[in-house]
Amino acid sequence: MKYKHVVWDWNGTLVDDTWLFVDIMNGVLKERNLKGITLDDYRSVFDFPVENYYSKLGFNFSEEAFETAGLDFIKVYDSRKFEPKLFDDTVPTLNTLKQLGCSHSVLSAQNVVTLKKSISHYQLDGMFEYISGLKDHYAIGKVEQGKNLIKHMDYDSGQVAMIGDTEHDYEVAEAMGIKCFLMNRGHNSSKRLLSRQTEVFSSFSKLLEALS
């Protein structure tokens, strides 16, 4: 294979959880008498740092600290984080790539403790060489994490690919100096992803062809 190592985003890439983020956010918005969002709305505005996304939804941080609103979301998310399932093709794809000699890592803007618990819950322990998450819950982004991760890898940048579902993943891969492949079934719309590169994928089977 051309690529020897794949860096995966977690939420919306390996785990089919976009619907949960919308459902929880609508509860947080309702508590503040703010307008609810649809799945399409969410995919159009979700971004990093997450504080900017909250502002787009109408949160007023001169009246309420972002950390307060963010914590309200995280409390509910933490109690429901295992409700989503992995995408049907997640485990077969990870296994296929591993059999072809391609190793894996996870790079997420999620809290690292929560991330590791999730990986264990989905019985993916031992699948990833590196698991990189944030120390807090406020999802400022993962550019610095990505740059730090690539420094510690024993691969040339041309042998590493990143797979994600947001414009931010593209930006992170760019900062890491590696190729990015984007999935259009997660947290950003196809339109936004296509503004970054001409090809996006709706299934891992098509992606496998591109990785080979």
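Quick look at the structure, then. Note that residues are indexed from 1 along each chain, following the sequence as it is written. It should be noted that, the model being predicted, local features are given only for residues of pLDDT at least 70 and side-chain atom pairs only at 80 or more, the latter also being counted only at that level, while totals for whole chains, interfaces and linings use all residues. Hydrogens and water molecules were not included; the side-chain quantities draw on all heavy atoms of the structure.

**Regarding the pattern of salt bridges**
Spelled out, the test is: For this analysis, a salt bridge means a side-chain nitrogen from Lys or Arg found within 4 Å of a carboxyl oxygen belonging to Asp or Glu. Buried residues are those whose accessible area, probed at 1.4 Å on protein chains only, stays under 20% of the maximum for their type, while exposed residues exceed 50% and partly exposed ones sit between those limits.
Scanning all chains against the criterion turns up 14 salt bridges. K81 is paired through a salt bridge with D78; the nearest N and O atoms lie 3.0 Å apart. Overall, the relative accessible area of 10% leaves K81 in the buried class. Residue D78 is classed as partly exposed on the basis of its relative accessible area of 39%. E83 is paired through a salt bridge with R80; the nearest N and O atoms lie 2.9 Å apart. We classify E83 as partly exposed; its relative accessible area is 41%. R80 sits in the buried class, given a relative accessible area of 19%. Here the salt bridges share partners, and the residues they tie into one network are D47, E167, E171, R192 and R196.

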